[in-house]
Amino acid sequence: MVKFGENVFNADVEENKEYYLNNQLCDCLACKNYYAVISRSYPKLASFLREFGVDATRPDELSWVGESFSQHTVFYEAMYTVKGYPLKGDISQLGREKINIDNADIYFGECDFPNNRNTKCFGIHIAVILNWEQEESYDDWFCNNQKGIMNRIFRKGT
């Protein structure tokens with residue numbers, strides 16, 4: 001069981017750990033940055049996720065929503081799938097609330113990406129801002145690849 005505040009979850013910690021040892025990761029540079037930086041930048045968040053058997057460095061789904069060129073940071077949204085269910089509280093109720101750990105916003109919700117899990121599961125969604133710590137220049141990568149969501153939506157010439 002995992003408890004925080006008034007909330008109680010039955011999470012299959014061992015099966016979640018096994019799942020996160022083997023889930024497939026994206027190999028783009030922005031995602032690699034997330035994997036390398038998240039646990040060090042948000043240690044309390046990483047510890048919170050470990051209580052569920054979740055590895056913060058291996059999200060099921062990861063998007064970078066925006067960049068700050070002046071600060072060389074990236075705004076990410078990540079989703080982690082957790083095998084388990086709430087014992088106290090309802091996921092739809094929890095999904096309307098957010099908690100904050102290490103200045104990261106955390107939401108609970110339905111299992112948006114069950115990834116071949118044919119059992120009860122729920123999602124933990126997080127929103128964080130991370131420094132760019134890759135060898136490739138931040139400006140070069142984001143400008144040349146136009147990978148940010150705003151650039152992907154509003155491409156020049158389309």
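Up top is the structure.
Residue positions are given per chain, counted from 1 along the sequence in the order it is written. With pLDDT at 70 or above as the cut-off, local features in this predicted model cover only qualifying residues; side-chain atom pairs require 80 or more to be listed or tallied, and sums for whole chains, interfaces and linings still use all residues. The side-chain values count all of the structure's non-hydrogen atoms but skip hydrogen atoms and water molecules.

A. Summary view of the pairing of strand E7 (residues 121-131). Note on classification: 1.4 Å probe, protein chains only; a residue is buried when its accessible area is under 20% of the maximum for its type, exposed when over 50%, partly exposed between these limits. Helix and strand definitions follow DSSP, with helices as H or I runs of at least four residues and strands as E runs of at least two, each counted in order from the N terminus. Of all 11 residues in E7, 8 are buried; the element is thus mostly enclosed. Pairs of strands are assigned from DSSP output, requiring at least two bridges between the strands. Two strands pair when backbone bridges link them, and strand E4 (residues 73-88) and E7 are joined in this way by 11 bridges, in the antiparallel orientation. Across the sheet, Tyr-76 pairs through a bridge with Val-128, a residue of E7.

B. Highlighting the packing of helix H2 (residues 29-41) against helix H3 (residues 43-50). With their axes 5 Å apart at the nearest point, H2 and H3 run at an angle of 95° to one another. Between H2 and H3, the interaxial angle falls into the category roughly perpendicular. In this structure, H2 contributes Ile-38, Ser-39, Arg-40 and Ser-41 to the contact, and H3 contributes Pro-43, Leu-45 and Ala-46. Lys, Arg, Asp and Glu make up the charged group, whereas Ala, Val, Leu, Ile, Met, Phe, Trp, Tyr, Cys and Pro make up the nonpolar group; the residues left over, Gly among them, are polar. For the contact of H2 with H3, a count of residues per class yields 4 nonpolar, 2 polar and 1 charged. Between N-to-C directions, angles cover 0 to 180 degrees, with each direction set by a line fitted to C-alpha atoms, over the stretch in contact for helices. Here roughly perpendicular refers to angles of 65 to 115 degrees, roughly parallel to angles under 35, roughly antiparallel to angles over 145, and oblique to all remaining angles. Contacts are assigned to residue pairs with any non-hydrogen atoms lying within 4.5 Å of each other.

C. A look at the pattern of salt bridges. The term salt bridge refers to a pairing of a side-chain nitrogen on Lys or Arg with a carboxyl oxygen on Asp or Glu at a separation within 4 Å. Tallying each qualifying case throughout the model produces 4 salt bridges. One salt bridge in this structure joins Asp-12 and Lys-83, with 3.5 Å as the shortest N-O distance. Of this pair, Asp-12 sits in the loop between strand E2 (7-11) and helix H1 (13-22) while Lys-83 sits in strand E4, and the two are 71 residues apart along the sequence. Linking Glu-14 and Lys-17 is a salt bridge whose minimum nitrogen-to-oxygen distance equals 3.6 Å. Of this pair, Glu-14 and Lys-17 both sit in helix H1, 3 residues apart, which is roughly one turn of that helix. For Glu-14, a relative accessible area of 57% puts it in the exposed group.

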